[in-house]
Amino acid sequence: MKTAIMIAIIVLADSAGDVLLTRGMKQVGEVSTIKLRELVIIGRKVLSNGNFLTAIFFIVVTFFSFLTVLSWADLSFVFPATSLVYVMGTLGAKFILKETITLQRWVGILLVCLGVALISFP
Amino acid sequence: MKIYAILILGILTQATGNVFLSREMRHIASALQIADGNFPVLLFQTAENPTIWLGTALLIISFLLFITALSLADLSFVLPVVSIEVVVNVAFADYFLNEPVSQLRWIGTVLIFLGVILVGRSGKQTVRRREKEEIGDVKGR
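Residues numbered from 1 in each chain as written. Chains lettered and ligands numbered in written order. Predicted model: local features only at pLDDT ≥ 70, side-chain atom pairs only at ≥ 80, totals over all residues.

On to the overall build of chain B, then. Scanning chain B from N- to C-terminus turns up seven helices and zero strands. From first element to last, N terminus to C terminus, chain B shows the α and β order α-α-α-α-α-α-α. For chain B, the residues scored as buried account for 33% of the 141 residues in total. In chain B, 77% of the contacts between residues at least 6 apart in sequence involve partners at least 24 apart. (Helix = DSSP H or I, 4+ residues; strand = E, 2+ residues; numbered from the N terminus. Buried ≥ 20, exposed ≤ 12 C-beta atoms within 10 Å, placed from the backbone. Contact = placed C-beta atoms within 7 Å.)

Below, the structure is given as structure tokens:
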């Protein structure tokens, strides 16, 4: 039960982080250079982006929850279980963003759910 | 070709980082004989543990590799490739951490892997649609 709650926190924080990170990096644009001066300019843009910074907060929450749950649960259970983030993402896209979800994607998240159900057995 | 090198390196550093973190968190928790109440003690021990920092550094490297890959290619390409991560993590947990991975758990892991491929491949349409909407917005203004 304790493990399930931690997985839920990880999945929710991870989904929030993903959405915000995607939005933030799209605003910053493509990183196509390795020149130090240009990288510094891009770095500054990234660090002053609100979406990016909020994403970092959620990523930190995800990370500490992940560390904590690893102190008692198996990696071979915890890591696959965090794939539920794709299910969350799809449900969020469907019910919050009102996106149309393809049949292929529904089949995909069904497989993820089945997989997580199977790994839950010892 | 470059993108595959970036992604493979990203997957390997990610799984290796997780192995270090998992092993060390177990050590810390068993040394403390952790009870539900002393979470702050756990965090404190974690923050000054070099192996935890090594694992964290590996995860940061993999994170940087993945965001670099995402700036070079669509998520609908990157995500199906990265989905193998779940299999690599379970294999590493089995091999390096000696976790007992049952046949049922392997089947579950492979199902998750296949499921994430499908989710990732269907992403393209969403991205394209969103781009069209954005172009529409710009034209609208």
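A tally of helices and strands in chain A yields six helices and zero strands. Its C-alpha radius of gyration of 17 Å places chain A more than 25% over the 14 Å reference for a compact globule of 122 residues. Once the C-alpha set of chain A is aligned to its principal axes, its extents read approximately 50 × 40 × 25 Å. Buried residues in chain A amount to 35% of all 122 residues. Considering only contacts in chain A between residues 6 or more positions apart, those separated by 24 or more positions represent 77%. (Rg over C-alpha atoms; globule rule 2.2 N^0.38 Å.)

What follows covers the interface of chain A and chain B. Opposite the 31 residues of chain A that make contact, chain B presents 39 residues. Elements that contribute at least two residues to the side of chain A that touches chain B include exactly helix H3 (50-70), helix H4 (75-81), helix H5 (84-95) and helix H6 (103-119) of chain A. The class makeup of the residues in the side of chain A that touches chain B is 19 nonpolar, eight polar and four charged. (Nonpolar A, V, L, I, M, F, W, Y, C, P; charged D, E, K, R; others polar.)

This part is about the packing of helix H1 (residues 2-32) of chain B against helix H5 (residues 85-96) of chain B. Residue and element names in this part refer to chain B. Relative to each other, H1 and H5 sit at 40°, their axes nearing to 9 Å. Accordingly, the angle class assigned to the pair H1 and H5 is oblique. In the packing of H1 onto H5, the handedness of the crossing is right-handed. Only Glu85, Val88, Asn89, Phe92, Ala93 and Phe96 of H5 make contact with H1, whose side of the interface consists of Ile11, Gln14, Ala15, Asn18, Val19 and Ser22. (Axes fitted to C-alpha atoms, helices over the stretch in contact; angles between N-to-C directions. Parallel < 35°, antiparallel > 145°, perpendicular 65-115°, else oblique. Left-handed = near helix turned anticlockwise from the far one by under 90°.)

Its 21 residues give H3(A) an end-to-end C-alpha distance of 30 Å, which sits within 8% of 30 Å, the value for a rise of 1.5 Å per residue. All buried positions along H3(A) are accounted for by A:Ala55, A:Thr62, A:Ser65, A:Phe66, A:Leu67, A:Thr68, A:Val69 and A:Leu70. (Expected span 1.5 Å × (residues − 1).)

Counting residues in each nonpolar core, the largest one holds 49 residues, and the members touching the most others are A:Leu70, A:Val78, A:Ala81, A:Val112 and B:Ile112. The residues touching B:Ile112, leaving out its near neighbours within four places in the chain, are A:Pro80, A:Ser83, A:Val112, A:Gly115, A:Val116 and B:Val86. (Core = buried A, V, L, I, M, F, W, Y, C linked by C-beta atoms within 7 Å.)

Residue and element names in this part refer to chain B. Secondary-structure assignment places Ala73 in the loop between helix H3 (50-72) and helix H4 (75-82). Distance from Ala73 to Ile3, taken between C-alpha atoms, is 8.0 Å for residues 70 residues apart in sequence. Filtering out sequence-adjacent residues up to four positions away, Ala73 remains in contact with Ile3 and Val78.

Looking now at the confidence of the model for chain B. All names here are of chain B. Here chain B averages 84 in pLDDT, and 82% of its residues register 70 or above. Within chain B, no element has a lower average pLDDT than helix H7 (residues 123-140), which sits at 48, and none a higher one than H5, at 96. Long-range and interchain partners of residues 125-130, a stretch whose pLDDT sits below 50, account for five contacts in this model, where long-range means more than four residues apart. Model confidence for the complex is summarised by a pTM of 0.80, with the ipTM given as 0.80. (pLDDT = per-residue confidence, 0-100.)

This part is about unusual backbone geometry. Where the residue is not glycine, phi is negative for most of them; where a peptide bond is considered, it is trans in most cases. All names here are of chain B. Unusually for a residue other than glycine, Asn98 sits at a positive phi of about 55°. Mapped onto the secondary structure, Asn98 falls in the loop between H5 and helix H6 (103-121). A tally of 8 C-beta atoms within 10 Å means that Asn98 is categorised as exposed.

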